[in-house]
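Observations on the model geometry
The primary structure of each chain is shown beneath.
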Amino acid sequence: MGIVADAWSWLTTGANWSGDGGIWHRLAEHTYVSGAALLLACAVALPLGLWLGHLGKGGATAVNVSNAGRAVPVFAVLALFMVSPLRNAGYAPTVIALVLFAVPPLLTNAYVGMREVDRAVVEAARGMGMSGGQVFRRVELPLARPLVMTGLRSAAVQVVATATIAAMVGQGGLGRIITAGFNTYNTPQVVAGALLVALLALLVEAVLVGADRLLGRRAGDDGTTAGTTAGTTAGTTDGTTDGTTG
């Protein structure tokens, strides 16, 4: 408990929050790196995963290739970038390494979410006269949303936690608080830095959970529950057909 109390004392010391090495500055750096990496990963993985899931082609190969990247340590990738011309490109090496780390859960969940949509519901929607784009937007995407958001939350938390490696190559972020504590044998500072990273990850998780619930409510309020309508139509059609056959 003494270490926790000392860490709390370090966190509540005003001098530790100001200046270029203060908590606010390191938090801003950490948020910038994590946010940039997550946005780029979403821009790459989500459209590809959703499109492949909609087509039902090539997704397994893409998922397997992206998952292979999980076997490569992020720090090893970052170390390779730091001995390349990218070493003089600011935060680019760290952002790229984190993007490669975030793509697998995003791509996998987007593809699986689309493929797990009931095919009977999709066919019923097409039978109602919907175009391919309408089926994608109004049926497949709303029904795939829970898995897509699960992948997004997983990727976001992993990126926030892993962004501390930027400090290992002399860049900013909350990891600098931890490494500075190690360098000065200041255990309370190390614990305080770890707590800040954990709290930021939990905050990001909570925000995304809230966003997921809000999107779910808006989907119902805006009438984008065409998947439910199509599913009802599919079930009614199947029941009528079975009854007629019987």
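Residues numbered from 1 in each chain as written. Predicted model: local features only at pLDDT ≥ 70, side-chain atom pairs only at ≥ 80, totals over all residues. Heavy atoms only, no water.

1. Focus: the overall build of the protein chain
- When its secondary structure is counted, the protein chain shows 10 helices and zero strands.
- Reading the secondary structure of the protein chain in the N-to-C direction produces α-α-α-α-α-α-α-α-α-α.
- The buried share of the protein chain, reckoned over its 246 residues, is 40%.
- Surface exposure of the protein chain reaches about 12,800 Å², of which carbon and sulfur atoms provide 65%. (Helix = DSSP H or I, 4+ residues; strand = E, 2+ residues; numbered from the N terminus. Buried < 20%, exposed > 50% of the residue type's maximum accessible area, 1.4 Å probe, protein only. Areas by Shrake-Rupley, 256 points an atom, 1.4 Å probe, with all protein chains shown as cover.)

2. What to know about helix H2 (residues 23-55)
- Spanning 33 residues, H2 covers 47 Å between terminal C-alpha atoms, matching the ideal 48 Å at 1.5 Å per step.
- Along H2, the sharpest kink reaches roughly 30°, centred on Cys42.
- Where H2 ends, the next residue or the one after it, Gly56, has phi of about 75°, a positive value. (Expected span 1.5 Å × (residues − 1). Bend = angle between axes of the 7 residues up to and from the residue.)

3. Topic: the packing of helix H3 (residues 59-68) against helix H5 (residues 92-115)
- Remark: H3 packs on H5, axes separated minimally by 9 Å, with the N-to-C direction vectors making an angle of 160°. If you check the angle between H3 and H5, you find them roughly antiparallel. Read as a crossing pair, H3 and H5 show a hand that is left-handed. Along the contact surface, H3 presents Gly59, Ala60, Ala62, Val63, Ser66 and Asn67, while H5 presents Val103, Pro104, Leu107, Thr108 and Tyr111. (Axes fitted to C-alpha atoms, helices over the stretch in contact; angles between N-to-C directions. Parallel < 35°, antiparallel > 145°, perpendicular 65-115°, else oblique. Left-handed = near helix turned anticlockwise from the far one by under 90°. Contact = heavy atoms within 4.5 Å.)

4. Side note on unusual backbone geometry
- At Tyr185, a residue that is not glycine, the phi angle is positive and equals roughly 55°.
- Along the chain, Tyr185 falls in the loop between helix H8 (175-183) and helix H9 (187-221).
- When its relative accessible area of 76% is taken as the criterion, Tyr185 is described as exposed.

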